[in-house]
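Examination of the molecular architecture
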Amino acid sequence: MLVLAIDTSAIASAALLKAHDEDGRAEVLESFATTETNTHSEVLAPAIAGLLEQAGIDGRELERIVVGVGPGPFTGLRVGIATARTLGFAWGVPVDGVMSLDAIAWDVLADPAEAGAVGEGFSVAIDARRKELYWARYAGDGALLDGPHVGAPGDLPACRVYGAGTALYPEALAGAGATGVERFATRVPRAASLGAFALGCLAQGQELLPTTPLYLRESDAKVPAAMRKGTA
């Protein structure tokens, strides 16, 4: 199965993956990522075209497109989801959604050292600005237990926490009994991991999500200016 994965919940990223039926392994053929968050709409479509060209694949050969549906900011999510829907329509390829934090959870369980350290469960958290985090809680086997949520760092459960939100509020996390994992303190959702997670779900016969974005809160355009002063 050939899959194009897209995620723009934090950075703009895309990846081409191939699932090997014999062992269920997901092979990343090509990938792209940029930390320039203000250029999602400018770089994403050309980057995808470049990935296909490098891999020698026509878009109509894809069997599925998966896209991160957040949580994340309005503008970033809109770019990724709109791109995925447009390409799916143009190429006649089905498009599914994946909760973006699942990409980091996949990274955690794919890391031998961390997979053995999560015990009965762990959380994933990334920056939501306004002194808040987007987060979700997982069982030790990666099953989603709770979330996604947006809220104060002190609201996270007492367990190991992975993702780029952990380095922002260490004192608040410690006060809640949560422990940030330093090696994952800059980790954000990336398309390659999102695609691998999606292929793992499909191999187990699990359904993916619709492409409805998980904004979790109102746009900054609707929030009073006094509240936006804390936006980083």
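Look above for the structure.
Now for a quick tour of the structure. What you are looking at is a predicted structure, and each value in this text was computed from that prediction instead of being measured. (Residues numbered from 1 in each chain as written. Predicted model: local features only at pLDDT ≥ 70, side-chain atom pairs only at ≥ 80, totals over all residues. Heavy atoms only, no water.)

**Points about the packing of aromatic side chains**
Think of a pair of aromatic rings as described by two things: how far the centres are apart, and how the planes are tilted against each other in angle. Quick reminder of the rule: A pair of aromatic rings is counted whenever rings of Phe, Tyr or Trp (Trp by its six-membered ring) have centres within 6.5 Å, and the orientation is called stacked for planes under 30 degrees apart, edge-to-face for over 60 and tilted otherwise. Secondary structure is summarised from DSSP: a helix means a run of H or I of at least four residues, a strand means a run of E of at least two, and numbering begins at the N terminus for each. The buried label applies to any residue whose accessible area, calculated with a 1.4 Å probe on protein chains only, is under 20% of its type's maximum; exposed applies above 50%, and partly exposed to all values in between.
One pass over the full model with this rule turns up 5 aromatic pairs. Here the aromatic rings of Trp-106 and Phe-197 are separated by 6.5 Å at their centres, their planes lie at 85°, and the arrangement is edge-to-face. Pair noted here: Trp-106 is in helix H3 (residues 101-110) and Phe-197 is in helix H6 (residues 191-203), with a separation of 91 residues, a long-range link. Given the relative accessible area of 33%, Trp-106 is considered partly exposed.

**Digging into H6**
How we decide: Each helix should span, by expectation, one fewer than its residue count multiplied by 1.5 Å. The criterion used for residue contact is that any of the two residues' heavy atoms lie within 4.5 Å.
Taking 1.5 Å per residue, 13 residues should reach 18 Å; H6 reaches 18 Å between its end C-alpha atoms and fits that length. Taking burial as the measure, the 13 residues of H6 include 10 buried ones, the bulk of the element. The complete set of buried residues in H6 reads Ala-191, Ser-193, Leu-194, Gly-195, Ala-196, Phe-197, Ala-198, Leu-199, Gly-200 and Cys-201. In this structure, the buried side of H6 is in contact with strand E1 (2-7), strand E2 (12-19), strand E3 (26-34), strand E4 (64-68), strand E5 (95-98) and H3. Note on H6: the residue one or two positions beyond its end, Gly-205, has a positive phi of about 75°.

**Section: the sheet that holds E5**
Heads up, the condition is: When DSSP finds at least two bridges between two strands, those strands are taken to pair. To obtain each axis, a line is fitted to C-alpha atoms, and for helices this fit is confined to the stretch in contact; angles are then taken between N-to-C directions over 0 to 180 degrees.
An order of E3-E2-E1-E4-E5 is seen for the 5 strands of this open sheet, with the pairing classed as mixed. What marks the edges here is a single partner per strand, and that holds for E3 and E5. Within this sheet the neighbouring strands show an average axis-to-axis angle of 20°, counted without direction. Pairing of E1 with E4 involves 4 bridges; the strand directions are parallel. Bridge assignment links Val-3 to a residue of E4, and that residue is Arg-64.

**Some words on the side chain of Ser-100**
In this fold, Ser-100 is placed in the loop between E5 and H3. Since its relative accessible area comes to 0%, Ser-100 is described here as buried.

**Brief notes about the pairing of strand E7 (residues 132-139)**
Counting buried positions along E7 gives 6 out of 8 residues, so the element sits mostly inside the fold. Both strand E6 (residues 121-129) and E7 contribute to a ladder of 8 bridges, which runs antiparallel. Bridging from a neighbouring strand, Val-124 pairs with Ala-136 of E7. Linking E7 back to strand E8 (residues 144-151) in an antiparallel pair, the connection comprises 4 residues, with Gly-142 at a positive phi of about 95°.

**Some words on the pairing of E5**
Within a regular strand, the side chains alternate between the two sheet faces. Applied cut-off: Note on handedness: a crossover is taken as right-handed if, strands pointing away from the viewer, the path from the first strand over the helix to the second is clockwise.
Of the pairings in the sheet, the one linking E4 to E5 comprises 4 bridges and is parallel in character. Counterpart to Val-66 in the pairing with E5 is Asp-96. Between the parallel pair E4 and E5, the chain is carried across by helix H2 (residues 74-91), and the sense of this crossover is right-handed.

**Quick word on the sheet that holds E7**
The strand order across the open sheet formed by 5 strands is E8-E7-E6-E9-E10, and the pairing between neighbours is mixed. Of all strands in the sheet, those with a lone pairing partner are E8 and strand E10 (179-180), marking the two edges. When E6 meets strand E9 (residues 160-162), the two strands line up parallel, connected through 3 bridges. Counted as the bridge partner of Ser-123 is Val-161 from E9.

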